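Overview (structure and organization)
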Amino acid sequence: MAKVTKLPGHMCRFYKNGRCLYEEMLNPGYNREWRCLVLRELEGEYDRLLLQADNFHLEEQAFRDLWERRMEEYLKSTVVCRKMVPSDEEGLPFCGALHEEICLFEQVKCEGVCNLFELRKE
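First, a word on what this report is: a plain description of the structure on this page. (Residues numbered from 1 in each chain as written. Predicted model: local features only at pLDDT ≥ 70, side-chain atom pairs only at ≥ 80, totals over all residues. Heavy atoms only, no water.)

**What to know about the overall build of the protein**
- The helix and strand inventory of the protein stands at three helices and six strands.
- Each helix and strand of the protein, placed in order from N terminus to C terminus, yields the pattern β-β-α-α-α-β-β-β-β.
- Relative to its 122 residues, the protein shows a buried fraction of 20%.
- Excluding contacts between residues fewer than 6 apart, the proportion of contacts in the protein whose partners are at least 24 apart in sequence is 64%. (Helix = DSSP H or I, 4+ residues; strand = E, 2+ residues; numbered from the N terminus. Buried < 20%, exposed > 50% of the residue type's maximum accessible area, 1.4 Å probe, protein only. Contact = heavy atoms within 4.5 Å.)

Okay, here's the thing in C-alpha coordinates:
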(Lines give C-alpha, C1' and ligand atoms only; values in the text may rest on other atoms or scores of the structure.)
Protein backbone atom coordinates (compact mmCIF):
# COMPACT_ATOMS: atom_id res chain seq x y z
CA MET A 1 0.00 0.00 0.00
CA ALA A 2 1.32 3.44 -0.94
CA LYS A 3 2.08 5.98 1.73
CA VAL A 4 -0.19 9.03 1.48
CA THR A 5 1.47 12.36 2.20
CA LYS A 6 -0.24 15.67 2.74
CA LEU A 7 0.24 18.53 0.34
CA PRO A 8 2.25 21.49 1.66
CA GLY A 9 0.14 24.30 3.06
CA HIS A 10 2.42 27.12 1.91
CA MET A 11 -0.32 28.68 -0.25
CA CYS A 12 -2.70 28.94 2.71
CA ARG A 13 -3.41 32.39 4.13
CA PHE A 14 -2.72 31.06 7.65
CA TYR A 15 0.72 29.65 6.74
CA LYS A 16 3.89 31.42 7.84
CA ASN A 17 7.33 29.77 7.88
CA GLY A 18 5.95 26.29 8.48
CA ARG A 19 3.52 27.39 11.20
CA CYS A 20 -0.25 27.82 11.26
CA LEU A 21 -1.46 31.28 12.30
CA TYR A 22 -5.16 30.38 12.31
CA GLU A 23 -5.58 30.66 16.10
CA GLU A 24 -3.75 34.00 16.20
CA MET A 25 -5.85 35.36 13.33
CA LEU A 26 -9.07 34.44 15.13
CA ASN A 27 -8.28 36.84 17.95
CA PRO A 28 -5.05 38.78 17.29
CA GLY A 29 -3.02 39.57 20.38
CA TYR A 30 -5.34 37.71 22.77
CA ASN A 31 -2.84 35.11 23.89
CA ARG A 32 0.03 37.06 25.43
CA GLU A 33 2.07 33.88 25.80
CA TRP A 34 2.47 33.76 22.01
CA ARG A 35 4.10 37.18 21.95
CA CYS A 36 7.86 37.37 21.55
CA LEU A 37 9.56 36.81 24.92
CA VAL A 38 12.27 39.36 24.16
CA LEU A 39 9.73 42.07 23.28
CA ARG A 40 7.70 41.31 26.42
CA GLU A 41 10.81 41.64 28.57
CA LEU A 42 11.85 44.88 26.87
CA GLU A 43 8.38 46.34 27.49
CA GLY A 44 8.74 45.49 31.17
CA GLU A 45 12.20 47.08 31.30
CA TYR A 46 10.88 50.22 29.62
CA ASP A 47 7.96 50.49 32.06
CA ARG A 48 10.30 50.08 35.06
CA LEU A 49 12.66 52.74 33.71
CA LEU A 50 9.77 55.09 32.99
CA LEU A 51 8.58 54.73 36.59
CA GLN A 52 12.09 55.42 37.90
CA ALA A 53 12.47 58.43 35.63
CA ASP A 54 9.16 59.80 36.86
CA ASN A 55 10.13 59.28 40.51
CA PHE A 56 13.49 61.01 40.02
CA HIS A 57 12.10 63.74 37.72
CA LEU A 58 14.58 62.96 34.94
CA GLU A 59 14.64 65.15 31.88
CA GLU A 60 13.73 63.65 28.52
CA GLN A 61 17.30 63.55 27.17
CA ALA A 62 18.62 61.91 30.33
CA PHE A 63 15.87 59.30 30.04
CA ARG A 64 16.77 58.60 26.40
CA ASP A 65 20.45 58.18 27.24
CA LEU A 66 19.64 55.85 30.12
CA TRP A 67 17.29 53.77 27.94
CA GLU A 68 19.93 53.41 25.21
CA ARG A 69 22.48 52.18 27.77
CA ARG A 70 19.98 49.73 29.26
CA MET A 71 19.12 48.43 25.79
CA GLU A 72 22.79 47.80 25.03
CA GLU A 73 23.28 45.97 28.32
CA TYR A 74 20.09 43.98 27.87
CA LEU A 75 20.91 42.84 24.35
CA LYS A 76 24.43 41.83 25.40
CA SER A 77 23.46 39.80 28.43
CA THR A 78 19.92 38.55 28.85
CA VAL A 79 18.43 37.94 25.43
CA VAL A 80 17.15 34.39 25.58
CA CYS A 81 15.50 33.24 22.41
CA ARG A 82 15.46 30.07 20.38
CA LYS A 83 16.04 31.79 17.04
CA MET A 84 18.24 34.85 17.43
CA VAL A 85 20.81 35.26 14.68
CA PRO A 86 23.31 38.09 14.17
CA SER A 87 22.28 40.72 11.66
CA ASP A 88 24.42 42.88 9.41
CA GLU A 89 23.43 46.09 11.22
CA GLU A 90 26.06 46.80 13.88
CA GLY A 91 25.80 43.32 15.37
CA LEU A 92 22.18 43.74 16.43
CA PRO A 93 20.30 40.45 16.77
CA PHE A 94 17.60 39.55 14.31
CA CYS A 95 14.81 37.12 15.01
CA GLY A 96 13.86 34.85 12.15
CA ALA A 97 10.82 33.53 14.04
CA LEU A 98 9.13 36.88 14.66
CA HIS A 99 5.93 37.68 12.77
CA GLU A 100 4.53 41.06 13.72
CA GLU A 101 4.80 40.67 17.52
CA ILE A 102 4.23 36.95 17.86
CA CYS A 103 6.78 34.17 18.05
CA LEU A 104 6.21 31.58 15.36
CA PHE A 105 7.67 28.90 17.64
CA GLU A 106 4.58 29.30 19.81
CA GLN A 107 2.26 28.45 16.90
CA VAL A 108 1.41 24.90 15.85
CA LYS A 109 3.32 23.39 12.95
CA CYS A 110 1.51 23.38 9.64
CA GLU A 111 0.74 19.79 8.76
CA GLY A 112 -0.14 20.63 5.17
CA VAL A 113 -3.45 21.21 3.44
CA CYS A 114 -6.21 20.84 6.06
CA ASN A 115 -9.86 21.74 6.51
CA LEU A 116 -8.82 25.33 7.42
CA PHE A 117 -6.92 25.81 4.16
CA GLU A 118 -7.75 29.10 2.41
CA LEU A 119 -5.88 30.46 -0.57
CA ARG A 120 -3.98 33.67 0.01
CA LYS A 121 -5.55 36.83 -1.29
CA GLU A 122 -2.86 38.60 -3.24
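After that view of the structure, there is still more to cover.
**Here's the deal with the packing of aromatic side chains**
- Applying the stated criterion across every chain, the model contains three aromatic pairs.
- Plain terms: the ring middles of Tyr 46 and Trp 67 are 5.0 Å apart, the flat faces sit at 85 degrees to each other, and that makes the pair edge-to-face. Placement of Tyr 46 in helix 2 (residues 37-55) and of Trp 67 in helix 3 (residues 60-77) is noted, with a sequence separation of 21 residues between them.
- On the basis of relative accessible area, Tyr 46 is assigned to the partly exposed category, the value being 32%.
- Ring pairing ties together the aromatic residues Tyr 46, Phe 63 and Trp 67, which thus form one cluster. (Phe/Tyr/Trp six-rings, centres within 6.5 Å; stacked < 30°, edge-to-face > 60°.)

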